Amino acid sequence: MASLDEQRLLPAFEAAAEMKIPIVNVGPGGKMNVEEDLAASIDKLASMSEKAASFGVTLCVKAHVGNAIHNTPTTLRAMDAIPSPAFGIDMDPSHIHRAGEQAEEALPAVLNRVKHIHIRDCLGKEQGPGPIELQACGRGDIDLYGYCKAMVDGGYDGPVVLEVIGASPEHSLAQVSIVAAESYGYLNAILKNLGAR
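In what follows, the accompanying structure is described. (Residues numbered from 1 in each chain as written. Predicted model: local features only at pLDDT ≥ 70, side-chain atom pairs only at ≥ 80, totals over all residues. Heavy atoms only, no water.)

**Some details on the overall build of the chain**
Right, so step 1: Each helix and strand counted, the chain has eight helices and five strands in total.
Right, so step 2: Its helices and strands in sequence order give the chain the pattern α-β-α-β-α-β-α-α-β-α-α-β-α, from N to C terminus.
Right, so step 3: Taken over the C-alpha trace, the chain has a radius of gyration of 17 Å; the compact-globule value for 197 residues is 16 Å, and the two agree within 12%.
Right, so step 4: Considered along the principal axes of its C-alpha atoms, the chain spans approximately 40 × 35 × 35 Å.
Right, so step 5: Considering the chain as a whole, with its 197 residues, one finds that 46% of them fall into the buried category.
Right, so step 6: If you take every contact in the chain between residues at least 6 apart in sequence, the share linking residues at least 24 apart comes to 75%.
Right, so step 7: Accessible surface, the chain: about 9,400 Å² in total, of which carbon and sulfur atoms supply 55%.
Right, so step 8: Put simply, the chain has 16 plus and 25 minus side-chain charges, and the middle of one group is 3 Å from the middle of the other. (Helix = DSSP H or I, 4+ residues; strand = E, 2+ residues; numbered from the N terminus. Rg over C-alpha atoms; globule rule 2.2 N^0.38 Å. Buried < 20%, exposed > 50% of the residue type's maximum accessible area, 1.4 Å probe, protein only. Contact = heavy atoms within 4.5 Å. Areas by Shrake-Rupley, 256 points an atom, 1.4 Å probe, with all protein chains shown as cover. Lys, Arg positive; Asp, Glu negative; His and termini not counted. Charge placed at Lys NZ, Arg CZ, Asp CG, Glu CD.)

Structure (structure tokens):
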């Protein structure tokens, strides 16, 4: 779910609580480098986090290239402004990478509020993550070993979910299965090497 619209989020919180899903992820909205949009996004996230808390759910936001919260400094501003324990961070290394940062160096700064990780690789730093094949973990430019090491060293024990953007009916089941299997194998090998599996 990407929207901060209350009419969409309240039913999502209710459904998540009913199904015992602890986290609802959203995008921050707004435009990058527009101070008013950042302030509005933080205010809305604070308000919706309080509503999430009433359902026993945590609302997480991820830095998203092009949006108001788009990198580590803007993520830290949201973290500082929203003390609610029902507010967390969904850390996606591909967005941090495309924001011009090293994801493995950025993670420790926000890890104390990270409740969920969307993970994928990407080649280059263009706006989109690229074709699905290049989002398979190990195929891109992100130092996923360093990123996973930062997760392990920081004691993160929450969910890590492969997120691949752009799969369509034109992709065969075999194609998407290969991306998933390759990513699982790559991450599993890293985590075993780090003693986390």
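Read on, since the account is not over.
**Re the side chain of His116**
Right, so step 1: Summarising the element assignment, His116 is placed in strand E4 (residues 114–119).
Right, so step 2: A distance of 3.1 Å separates the side chain of His116 from the side chain of Asp90, its partner in a polar contact.
Right, so step 3: In contact with His116, not counting residues within four places along its chain, are Ile23, Asn25, Ile89, Asp90, Met91, Tyr156, Pro159 and Val161. (Polar contact = N/O pair within 3.5 Å; in protein donor to acceptor, adjacent residues only side chain to side chain.)

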